[in-house]
Amino acid sequence: DYLRDNMVYSPDDLSQRELYYAIIDEVDSILIDEARTPHIISGQIEEDLSIYTRVDSYVRRLQAGRDYVVDEKHHAVTLTEEGTERLEQMMGVKNLADEVELMPYINAALKAHGYFKKDVHYVVRGGEIIIVDEFTGRLMHGRRFSDGIHQALEAKEGVPIKQESQTIAVVTFQNYFRLYQKLAGMTGTAKTEEEEFRKIYGMDVVCIPTHRPMIRVDHPDVVYKNMEAKLRGIALEILRLYTKQQPVLVGTRSIEMSEVVSSRLTFDKLQLLVLIERVRRELEANKSIDKAKKDEWRKTLLMPLNTLSMRQITPMLRELGLPTSPTDPAHVKWFLEHWELPEANAEYFIEAMEHGIPHNVLNAKYHEKEAAIIAEAGRKGAVTIATNMAGRGVDILLGGSIVKQEPKPEGENGEDNAEATPQEEISFRRGGRVRAAPPLPLSEQERSVAAEEVRKLGGLFVLGTERHESRRIDNQLRGRSGRQGDPGESRFYLSLEDELVRLFAENLRNSPLLKTWPEDEPLEAKMLTKAIEGAQKRVELHNFSIRKHVLQYDDVLNNQRLQIYSLRRRVLFGEGTRELALNYIDEVVSEVVDEFAPRNLPPTEWD
């Protein structure tokens, strides 16, 4: 509205009043997370779009690592000498550096193929590239990447390429909100960014105590050596919670990760996982097996779950004198004792082994179903896998929310998905025995009875699958549990292959202390948790410096913008326009006279 108001031709078209006082909800999201994004009003420009497809066909043939280097930390992709020569040959040019007009298109295509990932940075829907907000996990309809990157992504994914737009007006959130005479806001996660609020906006951060005491238990992080071990740990923990019937919210950073975790909850993967865990524990306790055989078995057990089969595990079970069926009473009894769960819960463990764990997936692909998924997330035995969509501002009621259940279309059970045609979207409701979901509570009394049951089980369990770059996002996820004095638990599962550790804690991965650490053993060390928090602080400082630079560059433009806009506003309302016009005429006439009149002659002698 602010930018549009400074483009109108009549006072009647103005929509904003004077900028006096603003109260911002989720203030850290708007003033910090969104601060790096300039807000733009753009217009179409005419250009030949076929060049994007042509450049894409060349860049597609290049190989990462050999022809170009990806710097994930600084979001940059650079051509190597070999890559430059290969491109020159393909394009039939002598020197790529001389092709100044082509370079922006090549750089955009390199970024599209090297840095941007489908289902992480963007999704393809209805023949369009839609950006995914990294902080909220939601789709950003109507927004487009600038500098030709959106067009390069459209060429990469084979969808219609739209014209690039030209910036007509631009302002950052930082400069816009600083126009208000008074500014305030509320959020649950501002303390970590106190310095930025004070330095850039002149706002103090005041902590308000909670209405009821917070009794959520935040468990220490569990760190694994690699991604495969972490995914196994997550699946086993979800199985434990489902057997206990404690509701769990699994938080992921991307759509891709939410789908990976979901794929680990099928019955075949769980059966393998349970038997591997049983063999692993038995190997540790059994001293009669020789070391060479133990090492060989361990090597087999550490293979990726996708490549393992029952044929490889069964001989080990037989040699150890263990049953080969995962639902055998001996295994069931062992796991219940291992997890300290009552025998009455055996039916849930067996159901998971036979049909998989019933769970809901909430990511940008299923945002239309968000209300229904969140309504069910606090129910006894519920498993919800979600991106950051289920973080900020989401209230999960224990026992389930009181909403009318949508009529469920046929084929929305995990069993039916196997028969789904490739063109059909996979449902958000997956796994478990084929049956209708139990109805949500219809009255407050029903809900409070169901909520009390969940409270006795420990409340909502929040399971984070990796740390975000910002501690605030992690705290937002944790904050979905233990609301209004309810009990709850939270724990983050990390690996040394996570993006945060890979990019900002390289020294941790190369630590000699970790050389002897077995791949399948998790570690709960304060040293690791502190090192990872240190990495998060470094990222926050890195992002703060980026935002600061954006602001410094924008401040120069901002002074000009304010001058032009105030002048435009005076002209719009016809305030002192005559004097203004006369001043401009004087200035222009003086400039013209100075340019053409001889300087060495007095004005009286000019011809």
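In case you missed it, the structure is sitting above this.
Cut-offs and rules
Residues numbered from 1 in each chain as written. Predicted model: local features only at pLDDT ≥ 70, side-chain atom pairs only at ≥ 80, totals over all residues. Heavy atoms only, no water. Helix = DSSP H or I, 4+ residues; strand = E, 2+ residues; numbered from the N terminus. Buried < 20%, exposed > 50% of the residue type's maximum accessible area, 1.4 Å probe, protein only. Contact = heavy atoms within 4.5 Å. Areas by Shrake-Rupley, 256 points an atom, 1.4 Å probe, with all protein chains shown as cover. Pairing = 2+ DSSP bridges. Axes fitted to C-alpha atoms, helices over the stretch in contact; angles between N-to-C directions. Parallel < 35°, antiparallel > 145°, perpendicular 65-115°, else oblique. Polar contact = N/O pair within 3.5 Å; in protein donor to acceptor, adjacent residues only side chain to side chain. Salt bridge = Lys/Arg side-chain N within 4 Å of Asp/Glu carboxyl O. Left-handed = near helix turned anticlockwise from the far one by under 90°. Nonpolar A, V, L, I, M, F, W, Y, C, P; charged D, E, K, R; others polar. Phe/Tyr/Trp six-rings, centres within 6.5 Å; stacked < 30°, edge-to-face > 60°. Lys NZ or Arg CZ within 6 Å of the ring centre and 35° of its normal. Core = buried A, V, L, I, M, F, W, Y, C linked by side-chain atoms within 4.5 Å. Domains from an automatic or database assignment. Patch = residues over 30% accessible without salt bridge, like charges linked within 9 Å, V, L, I, M, F, W, Y side chains within 5 Å.

### Some words on the overall build of the protein chain
- Counting its secondary structure elements, the protein chain contains 23 helices and 17 strands.
- Here the protein chain, with 607 residues, has 47% of them falling under the buried criterion.
- Of the contacts formed within the protein chain by residues at least 6 apart in sequence, a portion of 75% connects residues at least 24 apart.
- Summed over its atoms, the accessible surface of the protein chain is roughly 32000 Å², and 52% of this surface lies on carbon and sulfur atoms.

### As for the sheet that holds strand E6 (residues 128–132)
- With antiparallel pairing, the three strands of this open sheet are ordered in space as E5-E6-E7. The open sheet has two free edges, formed respectively by strand E5 (122–125) and strand E7 (139–140), since each of these has just one partner strand.
- Here E6 pairs with E7 via two bridges, running antiparallel. Of the residues in E7, the one forming a bridge with Ile 131 is Met 140.
- Its contacts with the sheet place helix H6 (residues 149–157) against E5 and E6, and it is angled at close to 120° to E6.

### Quick look at the packing of helix H8 (residues 194–201) against helix H22 (residues 526–573)
- Interhelical geometry of H8 versus H22 gives an angle of 10° and a closest axis separation of 12 Å. Considering their axes alone, H8 and H22 lie roughly parallel with respect to each other. Of H22, the residues touching H8 (which contributes Glu 196, Lys 199 and Ile 200) are Phe 544, Arg 547 and Leu 551.

### A word on helix H16 (residues 370–377)
- Of all the eight residues making up H16, seven are buried; the element is thus mostly covered by neighbouring parts of the structure.
- Listed as buried for H16 are Glu 370, Ala 372, Ile 373, Ile 374, Ala 375, Glu 376 and Ala 377.

### Remarks on the side chain of Ser 258
- Mapped onto the fold, Ser 258 is located in helix H10 (residues 255–263).
- You can call Ser 258 buried: its relative accessible area is 0%.
- Within the structure, the side chain of Ser 258 is placed 2.6 Å from the backbone oxygen of Ile 255, a separation counted as a polar contact.
- Apart from the residues within four sequence positions on either side, Ser 258 is in contact with Thr 252, Val 361, Asn 363, Ile 385 and Thr 387.

### What to know about the pattern of salt bridges
- Evaluated as defined, the whole model comprises 33 salt bridges.
- Put simply, Glu 452 and Arg 455 hold a salt bridge, and the shortest N to O gap is 3.2 Å. Placement of the pair is Glu 452 and Arg 455 together in helix H18 (residues 444–457), with a separation of three residues, close to one helical turn.
- By relative accessible area, Arg 455 is classed as partly exposed at 26%.
- Residues joined in a network through salt bridges with shared partners are Arg 66, Asp 67, Glu 82 and Arg 86.

### A look at the packing of helix H11 (residues 267–285) against helix H12 (residues 291–301)
- At a closest axis distance of 11 Å, the pairing of H11 and H12 adopts a crossing angle of 155°. Classed by the angle they form, the pair H11 and H12 counts as roughly antiparallel. Regarding H11 and H12, the two cross each other, and that crossing is left-handed. Facing H11, whose interface residues are Ile 276, Val 279, Arg 280, Leu 283 and Glu 284, H12 presents Lys 294, Trp 297, Arg 298 and Leu 301.
- Taken together, the residues of the contact of H11 with H12 break down into five nonpolar, no polar and four charged.

### Let's talk about the packing of aromatic side chains
- As enumerated under the stated definition, the model contains 13 aromatic pairs in all.
- Pairing Tyr 224 with Tyr 493 gives two aromatic rings, centres 6.3 Å apart and planes at 15°, and the pair type is stacked. With Tyr 224 in strand E11 (residues 222–224) and Tyr 493 in strand E17 (residues 488–495), this residue pair connects regions lying 269 residues apart in the sequence. For the pair Tyr 224 and Tyr 493, a shared accessibility class is recorded, and that class is buried.
- Residues Tyr 242 and Tyr 348 carry aromatic rings whose centres are separated by 6.3 Å and whose planes lie at 75° to one another, so their mutual orientation is edge-to-face. Note that Tyr 242 is positioned in helix H9 (residues 227–244) and Tyr 348 in helix H15 (residues 346–355), a separation of 106 residues in sequence.
- Relative accessible area serves as the criterion here: at 4%, Tyr 242 is assigned to the buried category.
- Each member of the aromatic cluster is reached from another via a ring pair, and the members are Trp 334, Phe 335, Trp 339 and Phe 349.
- Above the plane of the ring of Phe 492 lies Arg 467, whose end atom (NZ or CZ) is 4.8 Å from the centre.

### Topic: the nonpolar core
- Grouped together as the largest cluster of nonpolar side chains are 49 residues, with contacts concentrated most on Ile 238, Ile 313 and Ile 357.
- Broken down by element, the residue count for this core peaks at nine residues, all from H9.
- Both domains that meet at this core, namely domain 2 (214–266 + 357–401 + 424–524) and domain 3 (267–355), each give it at least three residues.
- The next biggest cluster of nonpolar side chains, apart from the first, holds 31 residues, and it includes Met 91, Leu 102, Val 159 and Ile 161.

### Observations concerning the environment of Val 120
- By the secondary structure assignment, Val 120 is in the loop between helix H5 (103–114) and E5.
- A relative accessible area of 23% means that Val 120 is categorised as partly exposed.
- For Val 120, the residues in contact, after removing those within four places along its chain, are Val 132, Ser 254 and Glu 256.

### Let's talk about a nonpolar patch on the surface
- A contiguous nonpolar patch, built from Leu 582, Ile 585, Val 589, Val 593, Leu 601 and Trp 606 and spanning about 480 Å² of accessible area, is present on the exposed surface.
- The residue Ile 585 is located in helix H23 (residues 577–596) in this model.

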